[in-house]
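One letter stands for each residue in the lines below.
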Amino acid sequence: MDPATLIGLLLAFGSLYAMIKLEGAHVEALLIPAPMILVFGATIAVGLASTTLRDGLQAIKALPLAFTGKVAKPQVVIDRVVELAEKARSEGLLALDAEAAAEKDPFMQRALQNIADGTDGEELRILLEDEISTKARADRQSSKFYMSMGGYAPTIGIIGTVVSLTHVLENLSTPDTLGPMIATAFVATLWGLLSANFIWLPIGGKLKRLSDLETERMTLLMEGMLAVQAGSQPRLLGERLRAMVPAHEMGSGKPGKDNKSGKSDGKPEVKAA
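As the structure is a computational prediction, the values presented were derived from the model and not from experiment.

**Notes on the nonpolar core**
Stage number 1. Within the largest apolar cluster, 29 residues are counted, with the highest numbers of intra-cluster contacts made by Val81, Met225 and Val228.
Stage number 2. Here this core gets eight residues from one element, more than from any other, and that element is helix α9 (residues 178-230).
Stage number 3. Beyond its immediate chain neighbours, meaning those up to four positions away, Val81 contacts Met108, Leu221, Gly224, Met225, Val228, Leu237 and Leu241.
Stage number 4. Counting eleven residues, the second largest nonpolar core, distinct from the first, contains Tyr146, Ala153, Ile203 and Leu207.

So this is what it looks like as structure tokens:
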């Protein structure tokens, strides 16, 4: 689980709460049901109206991923691919059939099964690329749903403010109530801007980033599996896959603990004079 979204939202709302207290205001003044119902209800409604029902439901199902989604560790993927490359070189491609049966990742499982079945390399590449493209397209729809809600929310907040100000103008004969009524009117705009920038846009951005990371992981697996099928030397394959990953994404993993297995230990070799 990557806690960035949860931490970010808590800090954002915490900053808002601190400002309210430092200004001497009251949180209760912002928690007015009418504008909140309009902003949140109408934003979700127009978000659904802007897409298909199936896409909307899929986006709602994807919401927990913004908080619980796991960030792939490239080094773990690379180590696994190198291990499979060693097995294929020592026991043959047919040995990968048993690995496919035990594999929990559906994408890698299909790749291993196709390699063991003798699928042509080019056909396997097309199959895996199509699967990656389909996954990215589905994820993009979920991210787009929340990003679009982030665009609608401020405008809906303004609509709520206009409606409330219309009510204010109907009560000009009671000047003592104008101040509170005007303040209440602007709460709708506040919640429109607040929900867009504190909730919908961050969630949409996080889902997009998680999708990008998953696509990168699947691409890394695809290149590794194709290289295994082609009989690449394990150590060279590990170096090639590491070169495909930005240094900051490699993390603190310890690649290649055993040089005999063909994995790199991350240290330059020293040749005897």
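**Some remarks on the packing of aromatic side chains**
Stage number 1. If you walk through the whole model with that rule in mind, you get five aromatic pairs.
Stage number 2. Between Phe13 and Phe198 the ring centres are 5.3 Å apart and the planes differ by 85 degrees, which places this aromatic pair in the edge-to-face class. Of this pair, Phe13 sits in helix α1 (residues 4-22) while Phe198 is found in helix α9, placing the two residues 185 residues apart along the sequence.
Stage number 3. With a centroid separation of 6.4 Å and 20 degrees between ring planes, the pair formed by Tyr146 and Trp200 is classed as stacked. On the criterion of sequence distance, the pair formed by Tyr146 in helix α8 (residues 121-169) and Trp200 in helix α9 is long-range, its members being 54 residues apart.

**Details of the confidence of the model for the protein chain**
Stage number 1. On average, residues of the protein chain score 86 in pLDDT, and 91% of them are at 70 or above.
Stage number 2. Confidence scores differ between elements of the protein chain, with helix α6 (residues 96-102) showing the lowest mean pLDDT of 89 and helix α2 (residues 33-49) the highest of 94.
Stage number 3. For the stretch residues 253-273, pLDDT sits under 50, and the model shows 29 contacts to residues farther than four places along the chain or on other chains.

**Comments concerning the packing of α9 against helix α10 (residues 234-243)**
Stage number 1. Two elements in contact, α9 and α10, have axes separated by 11 Å at closest approach and are oriented at 160 degrees. In terms of their interaxial angle, α9 and α10 are classed as roughly antiparallel. In terms of crossing hand, the pair formed by α9 and α10 is right-handed. Residues Leu220, Glu223, Gly224, Ala227 and Val228 of α9 pack against Leu237, Arg240 and Leu241 of α10.
Stage number 2. Split into classes, the residues belonging to the contact of α9 with α10 amount to five nonpolar, one polar and two charged.

**Observations regarding a nonpolar patch on the surface**
Stage number 1. A grouping of Ile44, Leu48, Leu53, Leu57 and Ile60 is seen on the molecular surface, where their side chains present a nonpolar patch of about 430 Å² in accessible area.
Stage number 2. Sorting the residues of the nonpolar patch by element identifies α2 and α3 (53-62) as the ones contributing at least two each.
Stage number 3. Of the residues forming the nonpolar patch, the biggest block, three residues, is contributed by α3.

**Comments concerning the environment of Ile44**
Stage number 1. With respect to the helices and strands, the residue Ile44 is situated in helix α2.
Stage number 2. Judged by its relative accessible area of 35%, Ile44 is partly exposed.
Stage number 3. As a C-alpha pair, Ile44 and Arg137 span 93 residues in sequence and 22 Å in three-dimensional space.

**Looking at α3**
Stage number 1. For α3, the full list of buried residues reads Gly56, Ala59 and Ala62. Buried residues along α3 cover an arc of 120 degrees about the axis, so they all sit on one side. Along α3, exposed side chains directed more than 90 degrees from the buried face belong to Leu53, Arg54 and Lys61.
Stage number 2. Elements that come into contact with the buried residues of α3 comprise α2, α4 (65-68), α8 and α9.

**Side note on α10**
Stage number 1. Every buried residue of α10 is accounted for by Pro234, Leu237, Gly238, Leu241 and Arg242. Take α10 and look down its axis: the buried residues cluster within an arc of 135 degrees, on one side only. The exposed residues of α10 that point more than 90 degrees off its buried face are Leu236 and Ala243.
Stage number 2. On its buried side, α10 packs onto α5 (74-91) and α9.
Stage number 3. N-cap assignment for α10: the residue whose side-chain oxygen lies 2.9 Å from the backbone N of Arg235 is Gln233.

Thresholds applied
Residues numbered from 1 in each chain as written. Predicted model: local features only at pLDDT ≥ 70, side-chain atom pairs only at ≥ 80, totals over all residues. Heavy atoms only, no water. Core = buried A, V, L, I, M, F, W, Y, C linked by side-chain atoms within 4.5 Å. Buried < 20%, exposed > 50% of the residue type's maximum accessible area, 1.4 Å probe, protein only. Helix = DSSP H or I, 4+ residues; strand = E, 2+ residues; numbered from the N terminus. Contact = heavy atoms within 4.5 Å. Phe/Tyr/Trp six-rings, centres within 6.5 Å; stacked < 30°, edge-to-face > 60°. pLDDT = per-residue confidence, 0-100. Axes fitted to C-alpha atoms, helices over the stretch in contact; angles between N-to-C directions. Parallel < 35°, antiparallel > 145°, perpendicular 65-115°, else oblique. Left-handed = near helix turned anticlockwise from the far one by under 90°. Nonpolar A, V, L, I, M, F, W, Y, C, P; charged D, E, K, R; others polar. Patch = residues over 30% accessible without salt bridge, like charges linked within 9 Å, V, L, I, M, F, W, Y side chains within 5 Å. Areas by Shrake-Rupley, 256 points an atom, 1.4 Å probe, with all protein chains shown as cover. Salt bridge = Lys/Arg side-chain N within 4 Å of Asp/Glu carboxyl O. Arc of directions from axis to C-beta. Polar contact = N/O pair within 3.5 Å; in protein donor to acceptor, adjacent residues only side chain to side chain.

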